[in-house]
Amino acid sequence: MNENIHFYEPAQGHGLAHDPFSALVAPRPIGWISSRDSNGVLNLAPYSFFNAFNYHPPIVGFSSIGYKDSVRNARETGEFCWNLVTRSLSEAMNETCAQVGPEVDEFTLGGLTPKPSQVIAVPHVAESPVALECRTSQVLQLAGANGQKVDTWIVFGEVVGVHIARHLIRDGIYDTAAAEPVLRGGGPADYFTVGAGQKFQMHRPKPPQS
C-alpha cells in the first residue's frame, strides 16, 4: 500500500472529516430545476448531481436522493426547466434549498420571478440568463452493483426550448465565463465560479493521414 495515497472502500467508510466523494467529482454544474405539480403549485430546487448527456436530441438529467417534489412533478406532468445559477443568483439559489412542504413556492422564497416558457407549461427563472425547457424522457431508480435498489432517482429530459441572454453570445459563440456560472464543490458549503482567466483551448487531434 502506497503511504502517500489515502485509499478506502466506500462500504467500509472513508475515515475522513467529510465524505470526499462529491469533492472528487467536482466542481459540478447545479441542476436548478423548476417544475409544477398537477395542481399548479410551482417548485424550484437545486440539485448538485446534474449534467448534459446527449447532443441530438439534447438531453440533460438531474439526480435526487429521495423521491422529492421535482422528481414527482417531472414524472406526473412530463415537464421541467433547468435554470443557470450565476454568481449574482447564488444567494437566491441557496434560499431555494430550504426544506419546506410541497405547498410552498420556492420562487417566492428566493424572491424570484417565474417567467412563462415558450414550449412547455412550466415557467423558468426570469432572472437567470440561461434556461432549458425540458420534456421528461425517463425517470430511473438507481441500483447498486448487487442489484439492490437505492432511494435515488435520475430524471432525464429532452431539451425542447433554449433561452440565452443575448449579451452572452459573442460572435455567434456562447461566452461561458461571462455568465459567471456557479458550480458545486465537495465540502459542506463549497461553491466555485468560472472566470475568463481559467480558460484555455485545445483542438481535437486530426486523424492520421492515410
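Located above this text is the structure these notes cover.
It should be emphasised that the depicted structure is a prediction, and the values quoted were computed from it without experimental measurement.

Rules used throughout
- Residues numbered from 1 in each chain as written.
- Predicted model: local features only at pLDDT ≥ 70, side-chain atom pairs only at ≥ 80, totals over all residues.
- Heavy atoms only, no water.
- Helix = DSSP H or I, 4+ residues; strand = E, 2+ residues; numbered from the N terminus.
- Pairing = 2+ DSSP bridges.

Any chance you could break down unusual backbone geometry for me, citing the residues and the numbers?
Across the junction of alanine 26 and proline 27, the peptide omega takes the value -5°, indicating a cis bond. That bond from histidine 56 to proline 57 is cis: its omega, -5°, falls within 30 degrees of zero. Its location among the elements puts proline 57 in the loop between β4 (50-54) and β5 (59-65). Phi is positive for glutamate 180, which is not a glycine, with a value near 50°. By the secondary structure assignment, glutamate 180 is in the loop between β12 (173-174) and β13 (182-184).

Tell me about the pairing of strand β9 (residues 130-143), and name the residues and values.
Each regular strand displays side chains that alternate between the two surfaces of the sheet. Direction of pairing for strand β6 (residues 79-83) relative to β9: antiparallel, over a ladder of five bridges. Across the sheet, the residue bridging to glutamate 79 is arginine 135, located in β9. As paired strands, β9 and strand β10 (residues 149-164) are joined by 12 bridges and run antiparallel to one another. Bridge pairing in β10 places glutamine 138 opposite phenylalanine 156.

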